[in-house]
Amino acid sequence: MNQGILAAFYEANRNDALRGVFMDLVALDDGYNPGPAGNNTIELLTKHRVFGLIGSVGTPTANAIMAAMTSLGSTAPYIGAFTGARSLRDPFKRHIINVRASYIDETASMVNWLTNKLVSRISILYQNDAFGLAGLEGLSLAMNASGLVMESFGTYERNTLNISAGMTQVLSKNPEAIVMIGAYAPLAEAIRFGRNYNTVGANAIYLTVSFVGADSFRSELQARNQSFDNIFVTQVVPPPRDLSDPLVERYQAALAAYDPNAIPNYVSLEGYLSGLLAIETVARIRGSLSPANFLNAVYDSQLFVISKQRLGPYIDTAATASLNCNQGQHRVWFTRIDTDGNYTIVPNSDFSWEGTCLSASNDLLRPIVFGQSAALTGPTAGLGLNMRAGIVAAFNRFNRQGGLEGRPVKLLSYDDGYDPLRTTPNTRELISHGVTGLLGFTGTPTSAAAINISIPAQMPFIGAYTGASLLRNPCSQYVINMRASYIDEAAAMVGWLLDDKYAALRSERIFQNIGIFYQNDSFGLAGLEGVEKALTYRKKKLVGSGYYTRNTLNVESGLFSLRDSTPKPDAIIMIGAYAPTAKFVSLAKLAFPKSTVYFAISFVGADSFVNELKNQTVEMYDDAGRPTVYISQVVPSPSDDSHPLAAEYLEEINSMTPPIAPNYIAFEGYAAGRFATRALQLISGDVTTKSLTDTIFEYPIFNLKNYLLGPFQLNRTSSFRTNSTQTSSGTCTCNQGSHQVWLTFVNSTYSIMNMNGFEFIFDTCGVVYEVFLLQAPTDAIRGIIMALSILCIIFVLACAVGVIVFRNTKTMIASSPVFLLVICAGALMLAITPFFTLSYGEGFLGNNVCMTWVWFLGLGYTLFFTPIVVKTWRVHRIFNNRVLSRVITIKDKELMIYIGAGVAGELAILIAWTIYSPERLLTQPVPGTVDQVLQLCTTDNGRDQPLIIAQAVFFAIQAAIGCVFAFLTRNIKYGAFKESMEILFTVYNLTFLSVILVPLHSALTYNAIPSTIIRSIGVIFLVVVSMAALFGMKFYRIITKTEKMSTSSRRSIYGSRPSGFGTSGSGTTRSTTGSGSTSGRTGSSKSSHTSSDTTTSDSDYEAQKLKKKKAATSKKAKKASDVSSESTESSEEASPRKPVKSGSDTKGSGSKKEAPKRVEESQETESSSEEAPKPSKKSPKKEEKPLKKKKDEKKEEKKPEPKKTEKKPVKKVEEDSISTEPSSSEDEEDRPKSPKSKKPVELPPKKQTKSTKAEPAPQKEAKPVKKPEPESSISTEESSE
């Protein structure tokens, strides 16, 4: 600086440029330390009484100088400080005259150049002092203005080389570029360290500001053997060796005159320019030569042009103080070190501005930024690189034409390598940087990952390089597709192969068998979906398929799969990237006949695909000279200059440095860029993500040089080809712009040729709906379904009312009214679901109707089915108790826990479904109609498949458990529990209908009328039939018998049960008395049981078994000599029907047929029981329950009575006891008796005081023994007594 200033003063003095005024310089050394700098300032102003200060070096020293001047109250001119710190510019200080551009300007030029080079990951290493902080401030402002965020920070201490810690921190975030603010030696060391640290540091771009001292910096790099590649330095003056610049030519002459040995450099050139400004200002002073007049001359002149270098305007009269300016230079030169060690200007790096003092305050540093995540490396890099190149070409053209009111449009690109796991963080980072929209993403899986983030953030996702359905269905206004879908392309390819109207284009070839080769991911499956639907429409199916894994070339297994298919395909559609697809074609040419044709979808990247085929010398024609490789396209031919947009594209890419070859991918990217800039031009007001989205949906058609896009529509109320403006709110109905597919083929010279005569244009949003969807349900169908649904709801409510009304009957109590009401609640939820099917988008639910339908269906099915399952389990658990002496108590509260567990499981699935992959409402127009739309519930690309599987498994488990327990309880015939067949039918009905209806509905999802009818009528039929089966017989029994449950009846139902199903334990005993033994089966006597709830069907069953028993024992009746005593159960609460006595079959008792006696006879027998020994009080008594009907009793009364003999003592039975024998008495009666059983076992009589021949004394009337009530086998809230 000193040398340059002195050279300027020497030149002026020698030429007497100031007419007698001599310019001199007093220089004091501060050693780049703020303390000495402040002291020197005071000395210069007080002792040397200098006119002004000029050419200080450094930010900390400049701050110290200003502080010293303030302490002295000095306003002497302070000119040309060698620093770009903001502190010398803001706030405005009139006596400070800056020559150079600021650090804000320099860093802004760096950011501008980096973003133009598509570099966005920027970090900084700065010196930990005022200078470094000034550079950090400048870079932060520039990056914020560009919508970027600093990746990482690192520092080092001034006057040291300790940069390792700071560089390690900087490199930890994998930056693409590192800005360095510091002195030359530590920065050179930082570059050496970074390049040796890791590959990130080795490949990074290093940039620094002019303060580094260009020549010294270069020398330090050479001393460390560092190459000059990727090292850039911003400058505030032109290159000092560029003699084409008038200022440089004058500078070199003055420097040589002052010091012939001096070497031109950037610092001395800046000092020279500062000296010339001081000289020119002195020359313009009016009046006396004073510091005040010197400043007046600066601000009165405002603009200085020195050797064609423009300085200023200097302004101190602005209406707003912040608009005042004390900086002269408004330009930054961007340089690099060439192989000769010279600094040269980087092409296309000019950075200059007008009208403002600092560049960062101008909108030129606030570009409109779009974000992109694409495959810039890896096997599919050609897709991302070409897509980006096309977008950048469109943006460059727009910016050259002035941008958006002076604001340029930039593209910020991140590399994801075609990996969705990398796309997700890239998308989040782009949104956090404040981009206006996301543009030009490449690939289906990557786009799927991106929209999961962009849609909730309401960030426009524009022009993705994919035709997957998941970006179209469900329609989202934040996803704007330009290209036709894969389904559209598949329809075009299949149409060309099979439709008669294209026979001439096929050269009369006939194709019947179509196969597919696809990439095994969401992209490949999306293409597979389109092909299958196109074939289904034509009543055909794929004859074979094969696939490969993404980002690999392992195509052999897929090829073998297609080769082994029967019949073999004569046409193969390929859904994949260019490299594996080209390899597949190369191998398939050897495995299939030459006449086989191959169709690739547009995503393949036609030019890259053809280059791969060319490298493998694949034959393009068959033996008849007909093409065999075809490619569908979604844009016109980029080489067809007859198309206006293609001609503009060709002109632009030829002007790029370096120029790029025209290709379909770059042309699609160019169209996406032109569409984005056109939308920006149409925005009224501020540019925001919302205003951009609203503008796209407000304008019906975007005409890009005869390439038509649109309409993108919300709340569609008219046909698609309309000029009416749509509102910017409501439900999205169409988010696809293009309505045309082109077909091309590859000729023998590996050129891509248009298929003339082929035109595939559709007026609807997507060809899939024109081809595959029938008309929407008519009003008549809707009315019928609603009427049936209402009747179903009334029927369910009637069942619920019946349960409440008859809740105290034994039938309802045995079936647990609480459970029945829960079943009714589930049935009601199911019955309501058809209303959701028929009212999409209507009412208060709006777009939430789909998930509401899912919730009602899932919870309704669970509430309907789970209680049936647990009821069946309880019956099975009780009536199959094999553990004697054990009480089974299963209360309603306990079963409610199981029902709650089932509901909790269903809720977990539904909540996960709602959060992870909610059903959304798809609204599409019906072809051929004016205002009719079709609405379907769908989700994104099968992301709900795990949840659907979990739901199906959950229902299947319930159905399986219900079927098993229903089968195991099929033979229970005991009173009110005899509902196993009803439950069994209900379980089978639910299971059968679910298995049939779900797959059928899924297969007809895209056929509106059948899918609506199946979904609605199927649910109604399921509810009605199941409810009728479950509740019909219950109400029939109640209505025909109308009996109420008494306390004793409840006790008989819940305190006893048939002997054939084990025992509860508490109602049975075994004991031994005296030297003999007694049991319920002493001798041949059998124990039966009496119950007040035995139904007619139970009595018929027992009567049949009794008839068999009488036939088997008729011959033995004549030899019987003893008549068994009969005991009568008496109870005040017994059933009105008189109990039937069971006789004993002991020796000498008479005929078996004469065993039953009338009640009167039984009482007479008991009156003489004194002759028989009394049973021991310790001996438990067995219950004998009659099993015969009254009509059987009457028949027995007519038979002759046997001769009375001495009665043997018999055991009295109590009312509530149940046999403990493992087998039932009825089963024993049916079996042939062994010889041992013919001789009855007699009980030894007790010692008697009276003769057995004497008449027994009168006994007191027998009273029923009141036993402790046994614990109920089935306990409910109603039977708790």
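Scroll up to find the structure this text is about.
Conventions adopted
Residues numbered from 1 in each chain as written. Predicted model: local features only at pLDDT ≥ 70, side-chain atom pairs only at ≥ 80, totals over all residues. Heavy atoms only, no water. Helix = DSSP H or I, 4+ residues; strand = E, 2+ residues; numbered from the N terminus. Buried < 20%, exposed > 50% of the residue type's maximum accessible area, 1.4 Å probe, protein only. Contact = heavy atoms within 4.5 Å. Axes fitted to C-alpha atoms, helices over the stretch in contact; angles between N-to-C directions. Parallel < 35°, antiparallel > 145°, perpendicular 65-115°, else oblique. Left-handed = near helix turned anticlockwise from the far one by under 90°. Nonpolar A, V, L, I, M, F, W, Y, C, P; charged D, E, K, R; others polar. Pairing = 2+ DSSP bridges. Core = buried A, V, L, I, M, F, W, Y, C linked by side-chain atoms within 4.5 Å. Salt bridge = Lys/Arg side-chain N within 4 Å of Asp/Glu carboxyl O. Disulfide = S-S within 2.5 Å. Expected span 1.5 Å × (residues − 1). Patch = residues over 30% accessible without salt bridge, like charges linked within 9 Å, V, L, I, M, F, W, Y side chains within 5 Å. Areas by Shrake-Rupley, 256 points an atom, 1.4 Å probe, with all protein chains shown as cover.

Chemist: Got a sec to walk through the overall build of the protein chain? Specific residues and values, please.
Modeler: Regarding its fold elements, the protein chain presents 37 helices and 32 strands. Per-residue burial over the protein chain gives 57% buried out of 1281 residues. Counting only contacts in the protein chain whose residues sit at least 6 apart along the sequence, the fraction spanning at least 24 positions is 74%.

Chemist: Explain the packing of helix α16 (residues 486–498) against helix α17 (residues 522–537) to me, using residue names and the numbers behind them.
Modeler: Two elements in contact, α16 and α17, have axes separated by 8 Å at closest approach and are oriented at 45°. Relative to α17, the element α16 lies oblique. Crossing handedness for the pair α16 and α17: right-handed. Contacts between α16 and α17 involve Tyr 486, Ile 487, Ala 490, Ala 491, Val 494 and Leu 498 from the first element and Phe 523, Ala 526, Gly 527, Glu 529, Gly 530, Val 531, Lys 533, Ala 534 and Leu 535 from the second. A per-class count over the contact of α16 with α17 returns 11 nonpolar, 2 polar and 2 charged.

Chemist: Outline the sheet that holds strand β3 (residues 96–97), supporting the account with residue identities and numerical values.
Modeler: Spatially, β1-β2-β3 is the arrangement adopted by the 3 strands of the open sheet, whose pairing is parallel. Only two strands of the sheet have a single neighbouring strand rather than two, namely β1 (53–54) and β3. Note: strand β2 (residues 78–79) against β3, 2 bridges, orientation parallel. Each residue of the ladder has a partner; that of Tyr 78, found in β3, is Ile 96.

Chemist: Quick rundown of the nonpolar core? Include the residues and the values.
Modeler: One finds Tyr 78, Phe 217, Phe 370, Trp 496, Phe 584, Phe 609 and Phe 675 to be the most contacted residues of the largest nonpolar core, which totals 252 residues. Examining the composition of this core, we find that 12 residues originate from one element, helix α22 (residues 664–682), more than from any other. Ignoring any residue separated from it by four or fewer positions in sequence, one finds Trp 496 in contact with Tyr 502, Leu 505, Arg 506, Arg 509, Phe 511, Phe 599, Tyr 630, Leu 743, Met 755 and Phe 758. Counting residues in hydrophobic clusters, the runner-up holds 31 residues, among them Val 803, Met 812, Phe 955 and Phe 1031.

Chemist: A description of the pattern of salt bridges should follow, citing residues and the corresponding values.
Modeler: Applying the stated criterion to the full structure yields 32 salt bridges. The salt bridge involving Arg 121 is made with Glu 429; its shortest N-O contact spans 3.2 Å. In this pair, Arg 121 is assigned in the loop between α4 (103–116) and β4 (122–127) and Glu 429 in helix α14 (residues 420–432), connecting sequence segments 308 residues apart. As far as burial versus exposure is concerned, Arg 121 and Glu 429 are alike and both buried. Here Glu 280 and Arg 284 are joined by a salt bridge, their closest N and O atoms 3.2 Å apart. You can call Glu 280 partly exposed: its relative accessible area is 29%. Through salt bridges that share partners, Arg 397, Arg 400, Glu 648, Glu 652, Arg 674 and Lys 705 make up one connected network.

Chemist: Tell me what's going on with the state of the cysteines, and back it up with residues and numbers.
Modeler: Applying the stated criterion to the full structure yields 1 disulfide. Covalent S-S linkage joins Cys 325 and Cys 357, the inter-sulfur distance amounting to 2.2 Å. Between Cys 325 and Cys 357, the disulfide has an S-S torsion of 65° and is therefore right-handed. Here the residue Cys 325 occupies a position in the loop between β10 (309–311) and β11 (331–337), and Cys 357 occupies one in the loop between β13 (351–352) and β14 (368–374), the gap between them amounting to 32 residues. For the residue pair Cys 325 and Cys 357, the accessibility class agrees, reading buried in each case. A disulfide-free cysteine, Cys 792 has its sulfur positioned 9.5 Å from the sulfur of Cys 799, the nearest such atom. No disulfide involves Cys 799; its nearest neighbouring cysteine sulfur is the one of Cys 824, lying 5.7 Å away.

Chemist: Tell me what's going on with the pairing of β11, and back it up with residues and numbers.
Modeler: Counting buried positions along β11 yields 5 of 7 residues, so the element is predominantly enclosed. In this sheet, β11 lies alongside strand β8 (residues 231–235) in antiparallel orientation, the contact comprising 4 bridges. Looking at the pairing, Thr 234 lines up with Phe 334 of β11. Sheet topology places β11 next to strand β12 (residues 343–345); 3 bridges connect them, and they run antiparallel. Paired with Arg 336 across the two strands is Thr 344, which belongs to β12. Between the antiparallel neighbours β11 and β12 lie 5 residues, among them Gly 341 with a positive phi of about 90°.

Chemist: So what about the sheet that holds strand β18 (residues 479–480)? Which residues, and what values?
Modeler: Strands sit in the order β15-β14-β16-β17-β18 across an open sheet of 5 strands; the sheet is parallel. What marks the edges here is a single partner per strand, and that holds for β15 (409–415) and β18. One ladder, built from 2 bridges, connects strand β16 (residues 437–439) with strand β17 (residues 461–462); its direction is parallel. Bridge assignment links Leu 439 to a residue of β17, and that residue is Ile 462.

Chemist: Talk me through unusual backbone geometry; I want residue IDs and the actual numbers.
Modeler: With omega at 10°, the peptide bond leading from Gly 312 into Pro 313 counts as cis. Mapped onto the fold, Pro 313 is located in the loop between β10 and β11. Phi at Arg 49 is positive, roughly 50°, even though this residue is not glycine. Relative to the elements of secondary structure, Arg 49 occurs in the loop between α2 (34–47) and β1. What makes Arg 49 exposed here is its relative accessible area of 68%.

Chemist: Give a detailed account of helix α7 (residues 184–197), specifying residues and quantitative values.
Modeler: Spanning 14 residues, α7 covers 20 Å between terminal C-alpha atoms, matching the ideal 20 Å at 1.5 Å per step. Of all 14 residues making up α7, 10 are buried, and the element is well covered by its neighbours.

Chemist: So what about a nonpolar patch on the surface? Which residues, and what values?
Modeler: Judged by side-chain polarity, Ile 784, Leu 788, Ile 790, Leu 791 and Ile 794 come together as a nonpolar surface patch covering roughly 460 Å² of accessible area. With respect to the helices and strands, the residue Ile 794 is situated in helix α25 (residues 779–805).

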